[in-house]
Amino acid sequence: MELRRRPGTGPGVTARRATGRRGVTPRGGCEAATVLQRVQYGAQQGRRTRQPGPRQDVTVRGLDLWGTSLRTGKDSTGVLVEDLNARYVSEYSTLPMPADDELAIEPGEGHIVVSRILDSGVQLLGTGNTLRDSEIGYSAGTGVLVRGSGNTVTNTYIHDIGWMGSYTPGIEINGSDHTVTHNTVRRTGRGSIDVSWQLNGVPFHNNEIAYNDLSEAMRTSRDGSPFYVCCNLDATGTSVDHNIVHDDDGQVG
C-alpha cells in the first residue's frame, strides 16, 4: 500500500499541484496526525473516512507540513515516511508535569524536565517503521520521537529544536532495536540526541546510533550535553559509534 502525491481535499489537506507534493496545514484545530489517519485509511478502503485502524505497509512520500506534525500509531508496522518536509511542528509556552501514566518510573517532582517529550515533534511509534531523507525544523519541543521497537531514522536533517530548554532534543530514543544513523541535528536548546530513562525505563537494547552529525546544541540550557543519556539504562547490545559532535554552546557536562 502506498500513499503518494495524489490531489485531495478535506480538513487540513491542500494539494500542491505545481510541485507535485501534498501539503497539510492546520485548519480549525485539525491535527495532521488525524488527517493522515483519514487519508491513509481512506486510501486503503477506496474512500475517505474518519474511521481509524492499524497502519501496515503504508508509504507516505513527498509530504509538506506547516504548523502541525505527523505521528505513526502505536500499532503501526512497516510504515515508510520519506521526503517529508515539516516546519513548525510544535509550539507551546508551558511545561506541565508529565502524567503518571507517561512515566516508566515512580512519579517525582524532578520529572518536570521531560515535559513535552511525548507530545511534540514528529513521532515514529510502533514497530519497524522508517523516517528517511527528510527535513524537520522549528519545534519548541522534540524534533523526532522514536518510540516502540525496531524503528529507523536515517539521512534526515533536524534543526532549530527545543527552544524551551527542557529535555526535548533533536531526536529522542525510547525502546530497543532502533536504528538512528546518518542524520544531521543542528541548533537545539539542549541535547541533539537524548534518552530519558524516566520515559524509556531501564531496557535500551540493541540500538544502533551511528554516523550522526550533531552541532550547535545546548543553546538555552546549562546542564546537559549534545548526546545525553540518563540515568539507569541496560544498554546491552547497543552501539554508539562514528558520531561527530561540534560547535556546541552552554555549559556542556
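Here the structure is a predicted model, which means the values were calculated and not measured.

Undergrad: Hey, could you go over the overall build of the protein for me, with residue numbers and the actual values?
TA: A count of helical and extended segments in the protein gives 2 helices and 21 strands. A buried classification covers 51% of the 253 residues belonging to the protein. Taking as baseline every contact in the protein between residues at least 6 positions apart, the subset at least 24 positions apart corresponds to 65%. On the protein, roughly 11,100 Å² of surface is accessible, and the fraction owed to carbon and sulfur atoms is 47%.

Undergrad: Can you tell me about the confidence of the model for the protein, naming the residues and giving the values?
TA: Confidence in the prediction of the protein, expressed as mean pLDDT, is 80, and 77% of residues score 70 or more. In this model residues 1–19 is a low-confidence stretch, pLDDT under 50, and it forms 54 contacts with partners more than four residues away in sequence or in other chains. Segment residues 27–51 is flagged for pLDDT under 50; beyond a separation of four residues in sequence, or across chains, it makes 49 contacts in the model.

Undergrad: Explain the pattern of salt bridges to me, using residue names and the numbers behind them.
TA: Applying the stated criterion to the full structure yields 9 salt bridges. For Arg87, the salt bridge is made with Glu135, and the minimal N-O distance between the two is 2.9 Å. In this pair, Arg87 sits in strand β6 (residues 85–90) while Glu135 sits in strand β9 (residues 135–139), placing the two residues 48 residues apart along the sequence. Judged by its relative accessible area of 22%, Arg87 is partly exposed. Judged by its relative accessible area of 23%, Glu135 is partly exposed. Residue Arg190 pairs with Asp194 through a salt bridge whose shortest N-O separation is 3.7 Å.

Undergrad: Break down the environment of Asn183 for me, with residues and values.
TA: With respect to the helices, strands and loops of the structure, Asn183 is situated in the loop between β14 (179–181) and β15 (184–188). Using a relative accessible area of 1% as the deciding quantity, one classes Asn183 as buried. C-alpha separation for the pair Asn183 and Val153, spaced 30 residues apart in sequence, amounts to 7.6 Å. Look past the residues within four positions of Asn183 in its chain and what remains in contact with it is Val153, Thr154, Asn155, Thr156, Ile171, Tyr211, Asn212 and Asp213. A distance of 3.0 Å separates the side chain of Asn183 from the backbone oxygen of Val153, its partner in a polar contact. Among the polar contacts listed, one links the side chain of Asn183 to the backbone nitrogen of Thr156, at a separation of 3.0 Å.

Undergrad: Any details on the environment of Val144? Residues and values, ideally.
TA: Inspection of the secondary structure puts Val144 in strand β10 (residues 144–146). Judged by relative accessible area, which is 0%, Val144 ranks as buried. Here the alpha-carbon distance between Val144 and Val89, two residues 55 residues apart in the chain, equals 9.8 Å.

Undergrad: So what about the side chain of Asn151? Which residues, and what values?
TA: Structurally, Asn151 is set in the loop between β10 and β11 (152–154). Since its relative accessible area comes to 0%, Asn151 is described here as buried. A polar atom in the side chain of Asn151 sits 3.1 Å from the backbone oxygen of Gly126. The residues contacting Asn151, other than those within four sequence positions of it, are Leu124, Leu125, Gly126, Thr127, Gly128, Asn129, Val146, Asp177, His178 and Thr179.

Rules of the game
Residues numbered from 1 in each chain as written. Predicted model: local features only at pLDDT ≥ 70, side-chain atom pairs only at ≥ 80, totals over all residues. Heavy atoms only, no water. Helix = DSSP H or I, 4+ residues; strand = E, 2+ residues; numbered from the N terminus. Buried < 20%, exposed > 50% of the residue type's maximum accessible area, 1.4 Å probe, protein only. Contact = heavy atoms within 4.5 Å. Areas by Shrake-Rupley, 256 points an atom, 1.4 Å probe, with all protein chains shown as cover. pLDDT = per-residue confidence, 0-100. Salt bridge = Lys/Arg side-chain N within 4 Å of Asp/Glu carboxyl O. Polar contact = N/O pair within 3.5 Å; in protein donor to acceptor, adjacent residues only side chain to side chain.

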